[in-house]
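A look at the structure
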Amino acid sequence: MAASGLRARGHKMILILGAGAVGSTLAAYLSAARRKVALHARPSDLERLGAISRIRLTSADGRLLLDVARPPLVEDLRLHGVTTLILAVK
């Protein structure tokens, strides 16, 4: 789904480029804070990531820190309406 299809007029959109450990963690915290966020992933990762419905973060001792729905994935980099772009890549 394109980023342009994810936002409503007047709402700020945060797009995170990189849906790995760092990008997904940032997305989870932003989602928990009720920010409108989407994750961009490489085409080769979309099917695998699309099968994941939730992001669960746990502490080193196994305590659940956060459990949120995975933000929408986007396939393209149309930046129309994106107010913040976060690069979370290696």
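Here is a short report on the structure shown in this document. (Residues numbered from 1 in each chain as written. Predicted model: local features only at pLDDT ≥ 70, side-chain atom pairs only at ≥ 80, totals over all residues. Heavy atoms only, no water.)

1. Re the sheet that holds strand β2 (residues 37-40)
To keep it simple, the criterion reads: Any two strands with at least two DSSP bridges between them are considered paired. Every helix listed is a DSSP run of H or I at least four residues long, and every strand listed is a run of E at least two residues long, numbered separately from the N terminus. Residue contacts are defined here by distance: any two heavy atoms, one from each residue, within 4.5 Å place the two residues in contact. Axis angles are defined between N-to-C directions and span 0 to 180 degrees, where every axis is a line fitted to C-alpha atoms and, for a helix, only to the segment in contact.
Sheet architecture is open: four strands sit in the order β5-β2-β1-β6, paired in parallel fashion. The open sheet has two edge strands, β5 (73-74) and β6 (82-87), and neither has a second partner. Relative to β2, strand β1 (residues 13-17) is paired through four bridges, and the arrangement is parallel. Across the sheet, residue L15 finds its bridge partner in β2, namely A38. Strands in contact with helix α1 (residues 21-32) are β1, β2 and β6; relative to β2, the strand with the most contacts, it is inclined by about 170 degrees.

2. Digging into the side chain of S24
Our working rule: Under this definition, polar contacts are N or O atom pairs within 3.5 Å; protein pairs additionally need one hydrogen-donor-capable and one acceptor-capable atom, and for neighbouring residues in sequence, both atoms have to be side-chain atoms.
Examined against the element boundaries, S24 turns out to sit in helix α1. Looking at S24, its side chain comes within polar contact range of the main-chain oxygen of A19, at 2.9 Å. When sequence neighbours within four positions are dropped, the list of residues in contact with S24 reads G18, A19, L39 and I55.

3. A short note on the nonpolar core
Stated formally: Take the buried Ala, Val, Leu, Ile, Met, Phe, Trp, Tyr and Cys residues and link them wherever side-chain atoms come within 4.5 Å; each set so joined is a nonpolar core. Throughout this description, buried means an accessible area under 20% of the type-specific maximum (1.4 Å probe, protein chains only), exposed means over 50%, and partly exposed covers the range between.
In this structure, I14, I16, A19, A27, L30, V37, L39, A41, L46, L49, L73 and A88 together form the largest nonpolar core, which totals 12 residues. The contacts of L46, once residues within four sequence positions are left out, are A41, L73, V74 and E75.

4. So, α1
The test is simple: To estimate the expected span of a helix, subtract one from its residue number and multiply by 1.5 Å.
Look at α1: 16 Å from first C-alpha to last across 12 residues, which is about the 16 Å you get at 1.5 Å a residue. Residues of α1 that are buried include every one of G23, S24, A27, A28 and L30, and no others. Packing partners of the buried residues in α1 comprise β1, β2, β3 (54-58), β4 (64-69) and β6. Just past α1, the residue R34 takes up positive phi, approximately 65 degrees.

5. What about the environment of I55?
One can find I55 in strand β3. Assessed through its relative accessible area of 9%, I55 is described here as buried. Sequence spacing of I55 and D67 is 12 residues, and the spatial spacing of their C-alpha atoms is 5.7 Å. If we ignore the near neighbours within four places in the chain, the residues touching I55 are S24, A28, L66, D67, V68, R70 and P71.

6. Focus on unusual backbone geometry
At R34, a position not held by glycine, the phi torsion is positive, near 65 degrees. Summarising the element assignment, R34 is placed in the loop between α1 and β2. Here R34 falls in the exposed class, since its relative accessible area comes to 79%.

7. Points about the pattern of salt bridges
As a reminder of what qualifies: Salt bridge, as applied in this entry: a Lys or Arg side-chain nitrogen positioned within 4 Å of an Asp or Glu carboxyl oxygen.
Under the definition given, this model contains six salt bridges. Of the charged contacts in the structure, one is a salt bridge between D67 and R56, with a shortest N-O distance of 3.4 Å. Residue D67 is located in strand β4, and its partner R56 is located in strand β3; the two are separated by 11 residues in the primary sequence. On the basis of relative accessibility, which here comes to 52%, the residue R56 falls in the exposed class. Between R63 and D61 there is a salt bridge, and its shortest N-O distance comes to 3.2 Å. Here the salt bridges do not stand alone but share partners, grouping R42, D45 and R48 into one network.

Interpretation in functional terms is not warranted from these geometric data alone.
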